[in-house]
Protein chains: 2
Amino acid sequence: MCQGYKFGGVAAGLKKNGQKDLALIFSEVSASVAGVFTRNRVQAAPVLLDRQRIKTGMVQAVIVNSGNANCCTGVQGVQDALYMARMAASGLGIAEEQVLVASTGVIGEPLPIAKIEAAMPDLIRALRTDGATHFARAIMTTDTVPKIVTRQGQVDGIPFMITGIAKGAGMIRPDMATMLSFAVSDIAASSVALQPMLKAASDRSFNRITIDGDTSTNDTALLLANGLSGAVISSPAHCAIFQSVLDDVLMTLAKQLVKDGEGATKLVEIAVKGALTDKDAYQIADTVANSNLLKTALFGEDANWGRILAAAGRAGVPLQPDKVDICFDKVLMVKDGMGCGQAAEREATRVLKKPQFEITIDLKLGAGAASVFTCDFSIDYVKINADYRS
Amino acid sequence: MCQGYKFGGVAAGLKKNGQKDLALIFSEVSASVAGVFTRNRVQAAPVLLDRQRIKTGMVQAVIVNSGNANCCTGVQGVQDALYMARMAASGLGIAEEQVLVASTGVIGEPLPIAKIEAAMPDLIRALRTDGATHFARAIMTTDTVPKIVTRQGQVDGIPFMITGIAKGAGMIRPDMATMLSFAVSDIAASSVALQPMLKAASDRSFNRITIDGDTSTNDTALLLANGLSGAVISSPAHCAIFQSVLDDVLMTLAKQLVKDGEGATKLVEIAVKGALTDKDAYQIADTVANSNLLKTALFGEDANWGRILAAAGRAGVPLQPDKVDICFDKVLMVKDGMGCGQAAEREATRVLKKPQFEITIDLKLGAGAASVFTCDFSIDYVKINADYRS
């Protein structure tokens, strides 16, 4: 585990089912911090608060609740977010500006701040160096499994760790970050150095996944670095090393999010190549990955490649239909815009029965490439979201 | 009924369930024609053919099949579309260039042209002046009801009629036209006069609806005018009269399409006002209307207005969350970005139980306004589309 961090998670009564819903990360010393946030124009109170607070570059704790997004809650929402931070700071004996806040859950309901206040002493007592699982469980909403990834690297022979914890599982088509993600490291680095690395890693991971095409009002990804390992980022080469470990952590979390998407039964990579530019490739991958018709066909394990071509065709970028090849894993299903027949379809259907596979779309126009990870669209997705607030 | 048109529909064996799947419109005399087509870059063979043929400005028949889209079918697909037209022309005793073709159904499978050829004599024999219902049934795919609208107008005291027939019911987020729509009139007008009127009416109707956010490869809307009523469009005032009747026909069809959307149980108008521009208003209405989270909440009859604000916030246009009002029909649910409490929510929930209602989003920033019609997203949508080809 990362040195110098403690994690905790308790049940404060925000979730109707009585499960854990209040979580805390605490660093023994103040840590450099970077953050990326939703670009949705509707932003929850804790997002507004954190955007201000990370400007100082240093924080020591993050308090998080699930079960309520504290969004569209007006001035009261901002006061509640401030008060959450103040209570945590008081319990931890640190300055309140050293605490960040994140919330996730239903939008538009007042935060039950009294329940959070009542649970705060328990939460402080629950902090443990091996408490990451409790933290991960306490930030879950419709997630079915906690998501924690730890990776190790070294700079100048000194090892460092990064632990990442994230939650999904709906309103996921991140635009800067996923719903909530917290990465902590024991490396030493300035917040100025961390910020572009977090941004780059988020762009390559959380911003390349989709579950249902909706962007959350609460998207927050934070990165803390407290320096307690002794490893220090002090050169571009160190940055590259740290970046690659961070990329690995966030990409692994991102895939876990999609795999555990609401009602999802499959994790599918939509890989576009041969586009005129990377941007074109991304545009097509994103449009295909968000097509409800493709996603329902994936759920039905139906190699309905016509829906892939139809979605690609509406992405608004150059495309010559009679040049396009489509593969399901290694199975060539479409060659030059036409189906490869029933034998290929039988092979493709076998691929579709797997829990994880890749759909490659080759436009054969240029060298542009991009991938987006998506999931299928199931009856359970509709059930979960028709009944979400009840 | 419109004077001088005959309609027919028969079962040619293209649909697995044995229902009608081959349809024909025939005008006693050659008619002026206008057409708008999908802007998807992947376009079916009949779309490519019709785009060419309407350039002459005159046609006398339209042959349509359901059960197969004749899309992504290469050179053979184009030959099949040409041959369909030639067979119909031969049976009707007219020039083959006078026949347009439309297809709808599964993408990527060869058109069973032999079945169409075998059914052609039956189809010709089935033509009747009162055959519009048979035509409407024969072009249906996952539609549950046929869609026919007839309206009357008059210019210079001479009455004219417009009959419109359309089909949905999935892959519907038209971009120029809906899946298939055929409007015939007995007014006299040049194709040059008709084209902008059809384009305007389509933009106001078919291009303002969405069922699942996917744009079809086969979208086609045609308008024929054979002049047999004696009414003639010969002035801007006549154009305005005809336009208003045509708008009414296509808007009524558009709403019928959404109401009969795959798995849909509700027809909902998303009306945005107070935007800086009409374009901004449309962008928000379209984003909200396509939000899977809102659509599943509509299915669950849950007044989850947070999802409306969250979708509006990611539409990419100016928005001040703390200014936004949201109404369900007349019930004010959100005032200045915050919920109006449980009494309002109870009222709103009553509105949500209706089969048809309006959600108004007032941004209070300017005078821009736009509406998009959408439906809810149900378990049946997923079932229909998971199993579509089996």
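Computed from a predicted structure; not experimentally measured.

**Student:** Explain the pairing of strand β9 (residues 267-275) of chain B to me, and be specific about the residues and the numbers.
**Tutor:** Residue and element names in this part refer to chain B. Counting buried residues in β9 gives 8 out of 9 residues, a clear majority hidden from the surface. Summarising the sheet, β9 and strand β13 (residues 356-362) pair through 7 bridges and their orientation is parallel. From the neighbouring strand, valine 272 faces β13, where its bridge partner is isoleucine 361. By the bridge criterion, 7 bridges tie β9 to strand β14 (residues 368-375) in an arrangement that is antiparallel. Within β14, the position partnered with alanine 271 by the bridge is serine 371.

**Student:** Give me the lowdown on the environment of Ser66(B), citing residues and values where you can.
**Tutor:** Residues and elements named next belong to chain B. Within the fold, serine 66 resides in strand β3 (residues 58-66). We classify serine 66 as buried; its relative accessible area is 0%. Distance from serine 66 to phenylalanine 182, taken between C-alpha atoms, is 14 Å for residues 116 residues apart in sequence. With residues up to four places along the chain from it excluded, the contact list for serine 66 reads Leu14, Lys15, Lys20, Asp21, Thr104, Ala138, Ile139, Met140 and Thr141. Polar contacts involving the side chain of serine 66 include one to the main-chain carbonyl oxygen of alanine 138, which spans 2.7 Å.

**Student:** Any details on the nonpolar core? Residues and values, ideally.
**Tutor:** Ranked by size, the top nonpolar core spans 186 residues in total, and within it Phe328(A) and Phe328(B) carry the most contacts. Per element, the largest residue contribution to this core is 10 residues, and it comes from helix α6 (residues 236-259) of chain B. In contact with Phe328(A), not counting residues within four places along its chain, are Ala303(A), Trp305(A), Ile308(A), Met333(A), Ala348(A), Val351(A), Leu352(A), Glu358(A) and Ile359(A). Core analysis: the second largest hydrophobic core is formed by 38 residues, Leu194(A), Met197(A), Leu246(A) and Leu253(A) among them.

**Student:** Describe the domain arrangement of chain A, naming the residues involved and giving the relevant values.
**Tutor:** Residue and element names in this part refer to chain A. What the domain assignment reports for chain A is domain 1 (5-259) and domain 2 (267-386). Computed from C-alpha atoms alone, the centre-to-centre distance between domain 1 and domain 2 is 33 Å. Summed over both partners, the interface of domain 1 with domain 2 comes to about 1,200 Å²; 60% of that surface belongs to carbon and sulfur atoms. Linking domain 1 with domain 2 are 0 salt bridges, by the criterion used here. For the pair domain 1 and domain 2, the number of links is 5 residue pairs in polar contact (both at pLDDT 80 or more). For the side of domain 1 that touches domain 2, the residue count by class is 4 nonpolar, 4 polar and 5 charged.

**Student:** An account of the packing of aromatic side chains is requested, with residue identities and associated values reported.
**Tutor:** Scanning all chains against the criterion turns up 9 aromatic pairs over all chains. Between Phe7(A) and Phe135(A) the ring centres are 6.2 Å apart and the planes differ by 70 degrees, which places this aromatic pair in the edge-to-face class. Note that Phe7(A) is positioned in strand β1 (residues 5-10) and Phe135(A) in helix α4 (residues 132-138), a separation of 128 residues in sequence. Here the two residues Phe7(A) and Phe135(A) agree in accessibility, since each one is buried. Seen in terms of ring centroids, Phe135(B) and Phe182(B) are 5.5 Å apart; in terms of plane orientation they differ by 90 degrees. Their pairing is edge-to-face. Highlighted residues: Phe135(B) in helix α4 (residues 132-138) and Phe182(B) in strand β7 (residues 180-185), separated in sequence by 47 residues. Considered together, Phe135(B) and Phe182(B) belong to a single accessibility category, that of buried residues. In textbook terms, an aromatic cluster arises when at least three aromatic residues are bridged by ring pairs, as seen for Phe377(A), Tyr381(A), Phe377(B) and Tyr381(B).

**Student:** Residue-level account of helix α11 (residues 379-386) of chain B, with values.
**Tutor:** Turning to α11(B), its buried residues number three or more, namely Ile379(B), Tyr381(B), Val382(B), Asn385(B) and Ala386(B). One side of α11(B) holds all its buried residues, which, seen down the axis, span an arc of 160 degrees. In this fold, the buried residues of α11(B) make contact with α8 (292-299), α9 (305-313) and α11 (379-386) of chain A together with α8 (292-299) of chain B. Structurally, the start of α11(B) carries an N-cap: the backbone nitrogen of Asp380(B) is 3.2 Å from a side-chain oxygen of Ser378(B).

**Student:** Please set out the sheet that holds strand β10 (residues 325-328) of chain A residue by residue, giving values where relevant.
**Tutor:** Residue and element names in this part refer to chain A. Sheet architecture is open: 6 strands sit in the order β12-β11-β10-β13-β9-β14, paired in mixed fashion. Every other strand in the sheet has two partners, leaving β12 (338-339) and β14 (368-375) as the edge strands with one partner each. Two elements, β10 and strand β13 (residues 356-362), share 4 bridges in a ladder whose sense is antiparallel. Residue pairing across strands places cysteine 327 opposite threonine 360, the latter belonging to β13. Lying on the sheet, helix α10 (residues 342-352) is in contact with β10, β11 (331-335) and β13; it crosses β11 at an angle near 125 degrees.

**Student:** Outline the interface of chain B and chain A, supporting the account with residue identities and numerical values.
**Tutor:** Residue-level contacts link 52 residues of chain B with 52 residues of chain A. Roughly 4,300 Å² of surface becomes buried between chain B and chain A when both sides are summed, with 58% attributable to carbon and sulfur atoms. As a salt-bridge pair, Asp214(B) and Arg314(A) come within 2.5 Å of each other at their nearest N and O atoms. Inspection of the region where chain B meets chain A yields 19 residue pairs in polar contact (both at pLDDT 80 or more). Of all the secondary structure elements, the ones that give two or more residues to the side of chain B that touches chain A are α8, α9 (305-313) and α11 of chain B. No other element matches the 7 residues that α9(B) contributes to the side of chain B that touches chain A.

**Student:** Would you mind going over the relation of the copies chain B and chain A in detail, with residue names and values included?
**Tutor:** Superposition record for chain B on chain A: RMSD 0.0 Å, screw rotation 180 degrees, translation along axis 0.0 Å. Seen this way, the second copy is the image of the first under a two-fold rotation axis. Proximity to the rotation axis, assessed at the C-alpha, singles out Ile379(B) in chain B; its C-alpha lies 2.7 Å from the axis. When the interface residues of chain B are mapped onto chain A, 100% of them are again interface residues, pointing to one common binding face.

**Student:** Would you mind going over the state of the cysteines in detail, with residue names and values included?
**Tutor:** By definition, a disulfide links the sulfur atoms of two cysteines through a covalent bond. All names here are of chain A. A full pass over the atoms with the stated rule returns 0 disulfides over all chains. Not part of a disulfide, cysteine 71 finds its nearest cysteine sulfur in cysteine 72, a span of 3.9 Å. The exposure class assigned to cysteine 71 is buried, which follows from its relative accessible area of 0%. Taking the relative accessible area as the measure of exposure, cysteine 72 reaches 11% and is therefore buried.

**Student:** Residue-level account of the pairing of β3(B), with values.
**Tutor:** Side-chain direction in a regular strand flips from residue to residue, so the side chains alternate between the two faces of the sheet. Residue and element names in this part refer to chain B. Buried residues dominate β3, accounting for 8 of its 9 residues. Note that strand β2 (residues 22-37) and β3 share 7 bridges and pair antiparallel. The residue bridging leucine 22 from the neighbouring strand is asparagine 65, located in β3. Pairing geometry for β3 and strand β4 (residues 99-104), over 6 bridges, is parallel. Across the sheet, the residue bridging to valine 62 is leucine 100, located in β4.

**Student:** Outline the sheet that holds β9(B), listing residues and values.
**Tutor:** All names here are of chain B. Spatially, β12-β11-β10-β13-β9-β14 is the arrangement adopted by the 6 strands of the open sheet, whose pairing is mixed. At either end of the open sheet lies a strand with only one pairing partner, and these are β12 (338-339) and β14. As paired elements, strand β10 (residues 325-328) and strand β11 (residues 331-335) share 3 bridges and run antiparallel to each other. Residue pairing in the sheet places cysteine 327 in a bridge with leucine 332 of β11. Along the sheet, helix α10 (residues 342-352) contacts β10, β11 and β13; its crossing angle with β11, the most-contacted strand, is approximately 125 degrees.

What counts and what doesn't
- Residues numbered from 1 in each chain as written.
- Chains lettered and ligands numbered in written order.
- Predicted model: local features only at pLDDT ≥ 70, side-chain atom pairs only at ≥ 80, totals over all residues.
- Heavy atoms only, no water.
- Buried < 20%, exposed > 50% of the residue type's maximum accessible area, 1.4 Å probe, protein only.
- Helix = DSSP H or I, 4+ residues; strand = E, 2+ residues; numbered from the N terminus.
- Pairing = 2+ DSSP bridges.
- Contact = heavy atoms within 4.5 Å.
- Polar contact = N/O pair within 3.5 Å; in protein donor to acceptor, adjacent residues only side chain to side chain.
- Core = buried A, V, L, I, M, F, W, Y, C linked by side-chain atoms within 4.5 Å.
- Domains from an automatic or database assignment.
- Buried area = accessible area lost by both parts, 1.4 Å probe.
- Salt bridge = Lys/Arg side-chain N within 4 Å of Asp/Glu carboxyl O.
- Nonpolar A, V, L, I, M, F, W, Y, C, P; charged D, E, K, R; others polar.
- Phe/Tyr/Trp six-rings, centres within 6.5 Å; stacked < 30°, edge-to-face > 60°.
- Arc of directions from axis to C-beta.
- Axes fitted to C-alpha atoms, helices over the stretch in contact; angles between N-to-C directions.
- Least-squares fit on C-alpha atoms with pLDDT ≥ 70 in both.
- Disulfide = S-S within 2.5 Å.

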